Amino acid sequence: MEPEVAVEPYQASGRKMHDLAGRLFPICRSITGDGVRETLKILSEEIPLQVIEVPSGTKVFDWDVPREWNITDAFISNAAGERVIDFRQSNLHVLNYSIPVKRRVSLDELRKHLYFLEDYPDWIPYRTSYYKEDWGFCVTYNQYKQLTEPFYDVYIGSTLEAGSLTYGEYYIRGQVGDEVLISAHVCHPSLANDNLSGLAVVSSLARTLSERNNYYSYRFVFVPGTIGAITWLAQNEERARKVRFGLVASLLGDKGAFTYKRSRRGNTEIDQIAEYILKGRDSRNKIIDFFPYGYDERQYCSPGFNLAVGCLSRTPFGQYVEYHTSADNLDLISAESLEESYNVYLDILSTLDQNRVYLNTNPNCEPQLGKRGLYSLKGGNNDAKAFQMALLWTLNLTSGENSLLDIAKRSQTDFQIIREAASRLEECGLLKLADA
Amino acid sequence: MEPEVAVEPYQASGRKMHDLAGRLFPICRSITGDGVRETLKILSEEIPLQVIEVPSGTKVFDWDVPREWNITDAFISNAAGERVIDFRQSNLHVLNYSIPVKRRVSLDELRKHLYFLEDYPDWIPYRTSYYKEDWGFCVTYNQYKQLTEPFYDVYIGSTLEAGSLTYGEYYIRGQVGDEVLISAHVCHPSLANDNLSGLAVVSSLARTLSERNNYYSYRFVFVPGTIGAITWLAQNEERARKVRFGLVASLLGDKGAFTYKRSRRGNTEIDQIAEYILKGRDSRNKIIDFFPYGYDERQYCSPGFNLAVGCLSRTPFGQYVEYHTSADNLDLISAESLEESYNVYLDILSTLDQNRVYLNTNPNCEPQLGKRGLYSLKGGNNDAKAFQMALLWTLNLTSGENSLLDIAKRSQTDFQIIREAASRLEECGLLKLADA
Amino acid sequence: MEPEVAVEPYQASGRKMHDLAGRLFPICRSITGDGVRETLKILSEEIPLQVIEVPSGTKVFDWDVPREWNITDAFISNAAGERVIDFRQSNLHVLNYSIPVKRRVSLDELRKHLYFLEDYPDWIPYRTSYYKEDWGFCVTYNQYKQLTEPFYDVYIGSTLEAGSLTYGEYYIRGQVGDEVLISAHVCHPSLANDNLSGLAVVSSLARTLSERNNYYSYRFVFVPGTIGAITWLAQNEERARKVRFGLVASLLGDKGAFTYKRSRRGNTEIDQIAEYILKGRDSRNKIIDFFPYGYDERQYCSPGFNLAVGCLSRTPFGQYVEYHTSADNLDLISAESLEESYNVYLDILSTLDQNRVYLNTNPNCEPQLGKRGLYSLKGGNNDAKAFQMALLWTLNLTSGENSLLDIAKRSQTDFQIIREAASRLEECGLLKLADA
């Protein structure tokens, strides 16, 4: 017999997350195509992703899965045949989902197809045209100003053909079938915070949870924004309706404080826990109400699903100047921020997982703590008795309507102390799980 | 064949309202009698009022319709036979509902029947004694001081006889039978703000609504205060119980900010809309809770009816010094104030009429706005997108529990923008009326 | 026939309460034993207490009634045979529930059994060891410092034997069987505020209520803290579950403002009334939320009972420096404070007793107050009309969902004025009791 090999437990680190983002950065992603496939393949080295292909034309609620887009090259060249704008320099240069083009155009016509940011003359903006056939180039303002020749050759070597939309999914079975959904969008090209930071944090989180004994089951989905989430919901409608809680993960590498956007329902357990953890960590963290814009919480919280899914980011979308520009690069995100984001997610999910409802088995009057070694000492002892108070609160409030978080909040006691009190009382037989 | 005569649509104006108040001002009204009849006849020139006579002695809940009071003349004359107090100068001079009197009295006795305001020596107070048989004169303090002769002749040429109580009613049928009640009291003699302003605003409002295609049906009642409202409720008990919303209109011609007094139920749709409109117009406008005193909301909000009826005035009763005195005259009310009051009422009623509940016909995920021409342009466009946000909010919240006002409030978007968004979505088949 | 002797009604006074506390002060009480019996015997001179003995070993929920503790003498004597610590000087000197001891101990060993307060060198602390067998002495810090000899003789003349736990109960039958429970702990030795003040106030209160015609039935229990309340609840389980309201009385003789600790349910009628009365009397009075520590509200509010029982004290336990020391003596409590506490309790209980729900028998529109002599006079009278407003509020809100307190609060009118209005309206037949 061979000796067993000791498996080192996975140790998440911000450095690993940043490295992963670095590997993914150069890939030209879109809502379909090989960029998504390559991305999911790299993530599969971390976690055993199931990769699903949904054919173009598939009806997904009010939408159709679009034709698949791929691109190999693109440029604008001048009369001298020099590439003055070159896709090989940055995949942001091409309007994402551009139709193929190869022709000579006047400067006037070209300008109708150019996007730039006058306020940030060295940055390339990120633009898309998924559902309206168009072509275009995104350039820096400085590049734009140098386009002065009367004619240019434009070339976009893209294809828009029947193919499929690709997404990845990873499921960890827990003690119960009730699912927690973690969703990240996988469709943005070379943008680091939006959303390689999300992919890096979520894949580390998935790997950590895969090695734990979880109460809930966890499902991680890596989907193209909007159409990908809609496709997942359409293809998994019955299962999706049973998602008990969820978080949409994005923008997790910058230095800003956290913002949690509540689910449409607004006060579900995940909403309460996210608020409890974030406010407990840093008063600058913000909790905001749901609004029907942003990331894929728009779909998860559409009225037909109305799931208990919030969105947890650092600085929210559109609120930092580098958002959707070439300045959202690997320098914008840091290993420290990624690791802190990972810890916050883990803290929230761990609290959720432990937030059970217990029943006091001896509800008539207090039980005699002393005979079970749970009562400190003599009466009149005015020292700090935080743990004894935690025991008393837990006994008093375990009448079926309060979770451990409810008890922690009502008693203004840290959740982990209440959790510990509940464990001690359960060991003594004074508590039992309400759903056991 | 005669050519059709183009009918000019009615155009409300503060000037017309003030003129109407001016015509009504000289009439001596009370809770019964010819003054009310004459008033309703003049209002009938504006709107086709139905005039109802309820005989004296008719049992109306805990009350009986009183004997009818009429008066032709009244005076106090001195030893020289000169009228020192003369009803022909002001109908306020007579204690309203005074019994007939003709005799010589000593100054001492006379003084027991005199009412005056020491603080406002030129103003005549307005006093009534509907249910206790009495006679009296209301005089200025300056007049009072000049009554120094030992004896005076008093004459009140009134009658108190079996007759009837008179009220007016006007009904505009809407798409549904659910009724909105607008009530104004019609019993005060020569007092302009209280309540000729109410009669003027309400009759203009009725005329405007009569030319519209309304969702709700509207019922306008012009009733003597207290006993008139009680009589209307008693005579129309079953119909009254079905009144869905209502407003009591009074004190609408002065320059003060508006005060909306909530219905007894406190948070009905009319309460919410009145607050929304008033606070949206001017932060000085006030919203106050129901209390069982004031105008006929006392009756509509008695516990047996408990209707969703509020009271909307400018300066509330008793809170301006001219209240219930001869200084509440045509100079106290202005065309501008009347017109603004009219506009506020119309705004509230229009909002109420349009405040429907819609259902999203495509509730699973967002619909594809682009293919219906509802999506502006490319992603990443950070320009103002108020209308697109209104579309998204409306789609997200039309799950059956929210009216358009609820959506406007939750999204902090103007009601009319949400209304417009709902119309566009309804045209595309993405929304339908919940009660259709 | 003998002439009837006129019985003077009982007149409570702070002086009598202080005198009673003075009689009870010297007795050495504990959770069992003759001290409690002697205390209840003295209270029986005021009110006809039923005294109940529950044998040691009786199972009371999770607990067992302990062995009975009695003590006759105790001391520490020095080599010269002098009593340096003497139970006869203060019964606080002995650790309450000490096992019997008679032996010579080294100073080192003795010190392990000594309790003192370094910060208050002349005060003796109060300590107990009910459930862990131990012995000890409580001494002043000055005494402690003088214990310098190498050996001392210790003697504790106590017994711990099968016997019983003793409590007292007094029941006053009211118009209905629904019970109000007043509970005071009777187990502390020579401590005046905690809780001879409670015994004095509660026994005066009981005597006063015994001479009234009450709506509710009242039950007064004088029980040893914790184990006594648990015993009472266990022995009277079915009756206890029906307790409709209750108050735990303690710490009622000091000069502090009142603190009402809400029941676990938090917003029951007794909670509302206590808050209404206390806040109406003095804004310094405090209302705090329930927490599972303190006096016997811990047991009454355990989740299995969850009774509407609050705790009303002056300065709360542990928040005054004399708490559980020899400085909590008869000088700490005053006749004025006791009498004021009595008045507050009586006010709360009287309000509770009168806080009925009435129904308007004429709910459609206002009734005609004038024909019943309830309407003051003419219209336009702007004088204070508090009582008329009270009548109108009471008529308007007696639709079945409001108690008189609810009406008082909503109308911002004193409860007694609303009470008076309801009486007048009931006399006229305009109101009837909802449960009649």
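Here, residues in each chain are numbered from 1, in the same order as that chain's written sequence. Lettering of chains starts at A and numbering of ligands starts at 1, both following the order in which they are written. In keeping with the model being predicted, local features are shown solely for residues with a pLDDT of at least 70 and side-chain atom pairs are shown and tallied solely at 80 or more, while totals for entire chains, interfaces and linings include all residues. Hydrogens and waters are ignored; side-chain quantities use all the structure's heavy atoms.

A.B. asks: Which residues make up the overall build of chain A, and what values do they have?
C.D. replies: The secondary structure content of chain A amounts to 13 helices and 19 strands. Considering only C-alpha atoms, chain A reaches an extent of 95 × 55 × 40 Å along its principal axes. Carbon and sulfur atoms make up 47% of the accessible area of chain A, which totals about 17,700 Å². For chain A, the distance from the average position of its 47 positive side-chain charges to the average position of its 57 negative side-chain charges is 4 Å. Secondary structure elements follow DSSP: runs of H or I of four or more residues count as helices, runs of E of two or more count as strands, with numbering from the N terminus. To be clear on the numbers: accessible area is Shrake-Rupley with a 1.4 Å probe, and residue cover counts the displayed protein chains and nothing else. Charge assignment: positive for Lys and Arg, negative for Asp and Glu; neither His nor the chain ends contribute. To locate a charge, the coordinates of NZ of Lys, CZ of Arg, CG of Asp or CD of Glu are taken.

A.B. asks: Before we move on, can you summarise the relation of the copies chain B and chain A with the specific residues and values?
C.D. replies: Only residues with pLDDT of at least 70 in both copies contribute their C-alpha atoms to the least-squares superposition of the copies. Take chain B, turn it by 120°, move it 0.2 Å along the axis, and it overlays chain A with an RMSD of 0.1 Å. Such a combination of rotation and displacement between the chain copies is what one expects of a three-fold axis. Minimal C-alpha distance to the rotation axis in chain B is attained by B:Asn267, lying at 13 Å.

A.B. asks: Can you tell me about the pairing of strand 16 (residues 309-313) of chain C, naming the residues and giving the values?
C.D. replies: Residue and element names in this part refer to chain C. Residue exposure (1.4 Å probe, protein chains only): buried if accessible area is under 20% of the type maximum, exposed if over 50%, otherwise partly exposed. Across the five residues that make up strand 16, a large majority, five, are buried. Residues Val309, Cys311 and Ser313 line one face of strand 16 and the alternating positions Gly310 and Leu312 line the opposite face, and both faces are buried. A pair of strands is considered paired only if DSSP assigns at least 2 bridges between the two. Of the strand pairs in this sheet, strand 13 (residues 243-249) and strand 16 are connected by four bridges, and their pairing is parallel. For Ala249, the partnering residue across the bridge sits in strand 16 and is Leu312.

A.B. asks: Before we move on, could you go through the pattern of salt bridges and cite the residues and values that matter?
C.D. replies: In a structure, side chains of opposite charge can pair up when their charged atoms sit close to one another. Residues and elements named next belong to chain C. By definition here, a salt bridge exists when the distance from a side-chain nitrogen of Lys or Arg to a carboxyl oxygen of Asp or Glu is within 4 Å. For the structure on display, the rule yields 81 salt bridges over all chains. Linking Arg244 and Asp178 is a salt bridge whose minimum nitrogen-to-oxygen distance equals 2.9 Å. With a gap of 66 residues between them, Arg244 in strand 13 and Asp178 in the loop between strand 10 (164-172) and strand 11 (179-185) connect regions that are remote in the sequence. What makes Arg244 partly exposed here is its relative accessible area of 35%. Among the residues examined, Asp178 registers a relative accessible area of 29% and is labelled partly exposed.

A.B. asks: An account of the interface of chain B and chain A is needed here, citing residue identities and associated values.
C.D. replies: Listed per partner, the contact involves 25 residues of chain B and 29 residues of chain A. Counting the surface lost from both chain B and chain A, the interface buries some 2,300 Å², and carbon and sulfur atoms represent 48% of this. Counting the contacts that link chain B with chain A gives three salt bridges. As used in this structure description, the phrase polar contact means that two N or O atoms lie within 3.5 Å; if the pair is within protein, one of them must be able to donate a hydrogen and the other to accept it, and residues adjacent in sequence are counted only when both atoms belong to side chains. Our count for the contact surface shared by chain B and chain A stands at 14 residue pairs in polar contact (both at pLDDT 80 or more). Contacts: residue pairs with any heavy atoms within 4.5 Å of one another. Using a 1.4 Å probe, buried area is obtained as the accessible area two parts lose upon being combined, added over both of them.

A.B. asks: Mind laying out the sheet that holds strand 18 (residues 399-403) of chain B, listing which residues take part and the relevant values?
C.D. replies: Note: strands within a sheet are paired through backbone hydrogen bonds, in either parallel or antiparallel orientation. Residue and element names in this part refer to chain B. If you trace the three strands from one edge of the open sheet to the other, you get 18-17-19, paired in antiparallel fashion. The sheet is open, and its two edges are formed by strand 18 and strand 19 (431-433), each paired on a single side. On average, each strand axis in the sheet is tilted by 35° relative to the strand beside it, whichever way the strands run. Here strand 17 (residues 357-360) runs beside strand 18; their pairing, made up of two bridges, is antiparallel. Here an axis means a line fitted to C-alpha atoms, over the contact stretch when the element is a helix, while the angle between two N-to-C directions is reported on a 0 to 180 degree scale.

A.B. asks: Can you lay out the side chain of A:Asp328 for me, pointing to particular residues and giving the numbers?
C.D. replies: All names here are of chain A. Relative to the helices and strands, Asp328 resides in the loop between strand 16 (309-313) and helix 10 (335-354). Within the local environment of Asp328, its side chain forms a polar contact with the backbone nitrogen of Asp194, the two atoms lying 3.2 Å apart. Engagement of the side chain of Asp328 in a polar contact is seen with the side chain of Tyr320, the distance being 3.2 Å. Excluding residues within four positions of it along the chain, Asp328 makes contact with Phe25, Ser190, Leu191, Ala192, Asn193, Asp194, Tyr320 and Glu322.

A.B. asks: Kindly report on the pairing of strand 12 (residues 217-223) of chain C, identifying the contributing residues and their values.
C.D. replies: Residue and element names in this part refer to chain C. Most of strand 12 is tucked away, with seven of its seven residues classed as buried. Where strand 10 and strand 12 come together, five bridges link them in antiparallel fashion. Note that in strand 12 the partner of Gly168 across the bridge is Phe222. Taken together, the seven bridges between strand 11 and strand 12 define a ladder with parallel strand orientation.

A.B. asks: Can you break down the interface of chain A and chain C residue by residue, with the values?
C.D. replies: Contacts between chain A and chain C engage 25 residues on the former and 28 residues on the latter. Counting the contacts that link chain A with chain C gives three salt bridges. Notably, a salt bridge pairs A:Arg372 with C:Asp62, separated by 2.8 Å at the nearest N-O pair. Where chain A meets chain C, there are 14 residue pairs in polar contact (both at pLDDT 80 or more). Listed by contribution, the elements that provide at least two residues to the side of chain A that touches chain C are helix 11 (386-397) and strand 18 (399-403) of chain A. Under the scheme applied here, ten amino acids are nonpolar (Ala, Val, Leu, Ile, Met, Phe, Trp, Tyr, Cys and Pro), four are charged (Asp, Glu, Lys and Arg), and all others, including Gly, are polar. Here the residues of the side of chain A that touches chain C are counted per class, giving nine nonpolar, nine polar and seven charged.

A.B. asks: Let's hear about unusual backbone geometry: which residues, and what values?
C.D. replies: Between A:Asp194 and A:Asn195 the backbone carries a cis peptide bond, its omega angle lying at 20°. Its location among the elements puts A:Asn195 in helix 5 (residues 192-210). Even without being a glycine, C:Asn306 presents a positive backbone phi close to 50°. Within the secondary structure layout, C:Asn306 lies in the loop between helix 9 (297-300) and strand 16.

A.B. asks: Go over the packing of aromatic side chains with me, naming the residues and quoting the values.
C.D. replies: Ring pairs are drawn from Phe, Tyr and Trp, using the six-membered ring of Trp, whenever the two centres fall within 6.5 Å, and their geometry is named by plane angle: stacked under 30 degrees, edge-to-face over 60, tilted for the rest. Taken as a whole and assessed by the stated rule, the structure comprises 59 aromatic pairs over all chains. Between A:Tyr120 and A:Trp123, the aromatic rings sit 4.3 Å apart at their centres with planes inclined by 5°, giving stacked as the arrangement. An aromatic cluster of three or more residues is present, and its members are A:Phe291, A:Tyr293, A:Tyr295, A:Phe317, A:Tyr320 and A:Tyr323. Sitting over a ring, as applied to charges here, requires NZ of Lys or CZ of Arg to be within 6 Å of the ring centre and within 35 degrees of the ring normal. A:Arg314 extends its terminal NZ or CZ atom over the ring of A:Phe258, reaching a point 4.4 Å from the ring centre. A cation over a ring is seen here: C:Lys261 above C:Phe291, with NZ or CZ 3.7 Å from the ring centre.

A.B. asks: Which residues make up the sheet that holds strand 6 (residues 101-106) of chain A, and what values go with them?
C.D. replies: Residue and element names in this part refer to chain A. Pairing in this open sheet of four strands is antiparallel, and the strands run 5-4-9-6 from one edge to the other. Where the open sheet ends on each side, the last strands, each with one partner, are strand 5 (83-86) and strand 6. Recorded for the sheet is a direction-independent mean angle of 20° between the axes of neighbouring strands. Across six bridges, the pairing between strand 6 and strand 9 (residues 151-161) is antiparallel. Bridge pairing in strand 9 places Ser106 opposite Phe151.

A.B. asks: Mind laying out helix 13 (residues 415-427) of chain C, listing which residues take part and the relevant values?
C.D. replies: In an α-helix, one full turn covers 3.6 residues, which means residues spaced three or four apart are oriented alike. Residue and element names in this part refer to chain C. The span you would expect from a helix comes to 1.5 Å times its residue count less one. Between its first and last C-alpha, helix 13 extends 18 Å over 13 residues, near the 18 Å set by a 1.5 Å rise per residue. Sitting at the head of helix 13, Asp414 places a side-chain oxygen 2.9 Å from the backbone nitrogen of Gln416. Phi for Gly429, located one or two positions after helix 13, is positive at around 80°.

A.B. asks: Just give me the short version of the packing of helix 11 of chain A against helix 12 (residues 404-411) of chain A, but keep the residues and values in it.
C.D. replies: Residue and element names in this part refer to chain A. It is the contact of helix 11 with helix 12, at a shortest axis distance of 10 Å, that shows an interaxial angle of 125°. Here helix 11 lies oblique to helix 12, going by the angle between them. Viewed along their axes, helix 11 and helix 12 form a crossing whose handedness is right-handed. Every residue of helix 12 that contacts helix 11 at Trp393, Thr394 and Leu397 is listed here: Ile407, Arg410 and Ser411. Here roughly perpendicular refers to angles of 65 to 115 degrees, roughly parallel to angles under 35, roughly antiparallel to angles over 145, and oblique to all remaining angles. By definition, turning the near helix anticlockwise from the far helix through less than a right angle yields a left-handed crossing, and turning it clockwise yields a right-handed one.

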